[in-house]
Amino acid sequence: MKKIYFPIALLLLFLLLAACGETTEENVNGKVENTEQTSEDTGTDEEEERANEINQVIVDNENVKATLVKIVKKEDPIWGRSIEVIFDVQNKRQDSIEVQARSVSADGRMVDEALLTMSQEVAPGKSATAKLTIQEFEGYEFPELKENFEMTLHIFSWDQMDYQEDHPVKVTF
């Protein structure tokens, strides 16, 4: 009989913890400074006019198309504050690519790599959502995103070691 009570009590505890807090989200609007020539017109379209989304093409070449979709600030009572920088990446190559974030800074200060996570594989001819997460941890300075956000979008292939691309991403608020 005791074997039945323990799993039920454990399940109730998890449900209680899940119901304790509510995550709040705030989309951050900004203007992307386009430093590269792309093969596609990046003029205003219906998607760019939607509120709280950036939808700016970062790179569009023979290998890859990457679009900065949006930047979202989140606050969760259990997990703390976080920032998500969301990209849509289309692989135009015949081999898989990996998308990572490098040299991330906010408001003129580098963000400690301990706060960052981003690594997304994209199969040949496919698209994927690549998400840079900046998670608040005790003892590290958490960025506020008041003035600007900068990073390098690093794209490479594990299959073709001679292929890699770096594309700057600059957003002002």
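Values in this document were obtained by computation on a predicted structure and should not be read as measured data.

Along its length, the chain carries two helices and 12 strands. Reading the secondary structure of the chain in the N-to-C direction produces α-β-β-α-β-β-β-β-β-β-β-β-β-β. Looking at the chain as a whole, 39% of its 173 residues are labelled buried. Residue pairs at least 24 apart in sequence account for 59% of intrachain contacts in the chain once pairs closer than 6 positions are excluded.

Remark: the empty space left among the atoms is shown by a probe the size of a water molecule rolled over them. A volume near 160 Å³ is recorded for the second largest pocket. In this structure, the second largest pocket is lined by Gln100, Ala101, Arg102, Ser103, Val104, Met110, Val111, Glu113, Leu116, Thr117, Met118 and Leu132. When contributions to the lining of the second largest pocket are tallied by element, the ones reaching two or more residues are β6 (97-106) and β8 (116-117). With five residues, β6 is the largest single contributor of residues to the lining of the second largest pocket. Along the lines of polarity and charge, the residues of the lining of the second largest pocket split into seven nonpolar, three polar and two charged.

Side chains that carry opposite charge are capable of pairing whenever their charged atoms lie near each other. In this structure the tally under the stated criterion is seven salt bridges. Ionic contacts of the salt-bridge type, sharing partners, join the residues Lys74, Glu84 and Lys131 into one network.

Turning our attention to the environment of Lys70. By secondary structure assignment, the location of Lys70 is in strand β4 (residues 64-76). Along the sequence, Lys70 and Val85 sit 15 residues apart, while their C-alpha atoms lie 6.1 Å from each other.

With that settled, the discussion passes to the nonpolar core. By size, the foremost hydrophobic cluster in this structure holds 36 residues, and its most contacted members are Phe87, Leu132, Ile134, Phe149 and Met151. Only β3 (56-60), β4, β5 (80-91), β6, β10 (127-135), β11 (148-156) and β12 (164-172) provide two or more residues apiece to this core. The dominant element in this core, judged by the number of residues it contributes, is β6, at five residues. With sequence-adjacent residues up to four places away left out, Phe87 is seen in contact with Ile58, Thr67, Leu68, Val69, Met118, Ala128, Thr129, Ala130, Met151, Leu153 and Val169.

Bringing the pairing of β12 into the picture now. Every second residue of β12 is oriented toward a common face, the buried set being Glu165, His167, Val169 and Val171 and the non-buried set Gln164, Asp166, Pro168, Lys170 and Thr172. In terms of strand pairing, strand β2 (residues 31-32) meets β12 through two bridges, oriented antiparallel. Of the residues in β12, the one forming a bridge with Lys31 is Thr172. Here β11 pairs with β12 via nine bridges, running antiparallel.

For the rest of this paragraph, the subject is the confidence of the model for the chain. Of all residues in the chain, 78% have pLDDT values of 70 or greater, and the mean over the chain is 84. Low pLDDT (under 50) marks residues 37-51, which in the prediction has 20 contacts with non-local residues, meaning those over four places away or in another chain.

Inspection of every chain in the model, using the stated rule, returns one aromatic pair. Taken together, a centroid distance of 5.0 Å and an interplanar angle of 80° make the contact between Phe156 and Trp158 edge-to-face. Judged by relative accessible area, which is 55%, Trp158 ranks as exposed.

It is worth spelling out unusual backbone geometry at this point. One non-glycine residue, Asn55, adopts positive backbone phi at about 45°. Its location among the elements puts Asn55 in the loop between α2 (46-49) and β3. On the basis of relative accessible area, Asn55 is assigned to the buried category, the value being 9%. Unlike most non-glycine residues, Leu145 shows phi in positive territory, near 60°. Its location among the elements puts Leu145 in the loop between β10 and β11.

Reading guide: rules and limits
- The numbers attached to residues start from 1 for each chain and follow its sequence in the written order.
- Only residues with pLDDT of at least 70 get local features here, since the model is predicted, and only at 80 or more are side-chain atom pairs given and counted; chain-wide, interface and lining totals rely on the full set of residues.
- Calculated side-chain values reflect all of the structure's heavy atoms, with hydrogen atoms and water omitted.
- By the criteria applied, helices consist of DSSP H or I runs no shorter than four residues and strands consist of E runs no shorter than two, each listed in order from the N terminus.
- Relative accessible area decides the class of each residue, using a 1.4 Å probe on protein chains only: under 20% of the type maximum gives buried, over 50% gives exposed, and in between gives partly exposed.
- Contact definition: two residues touch when any of their heavy atoms are within 4.5 Å.
- Both cavities and pockets are sets of points on a 1 Å grid over the protein atoms alone; in a cavity a 1.4 Å probe fits but cannot get out, in a pocket the set is open with protein on both sides within 12 Å along at least five of seven lines, and lining residues sit with an atom within 4 Å of a point.
- Grid points are joined across faces, edges and corners, and a volume is the space filled by probe spheres set on the points.
- Gly is placed with the polar residues, together with every amino acid not listed as nonpolar (Ala, Val, Leu, Ile, Met, Phe, Trp, Tyr, Cys and Pro) or charged (Asp, Glu, Lys and Arg).
- Put simply, a salt bridge is a Lys or Arg side-chain nitrogen that is within 4 Å of an Asp or Glu carboxyl oxygen.
- Nonpolar cores were defined as sets of buried Ala, Val, Leu, Ile, Met, Phe, Trp, Tyr and Cys residues, with membership established by side-chain atoms within 4.5 Å.
- At least two bridges found by DSSP between two strands is the condition for calling them paired.
- Each residue carries a pLDDT value, the predictor's own confidence for that position, ranging from 0 to 100.
- Each Phe, Tyr or Trp ring (for Trp, its six-membered ring) is paired with any other whose centre lies within 6.5 Å, and the angle between the two planes then decides the class: stacked below 30 degrees, edge-to-face above 60, tilted in between.

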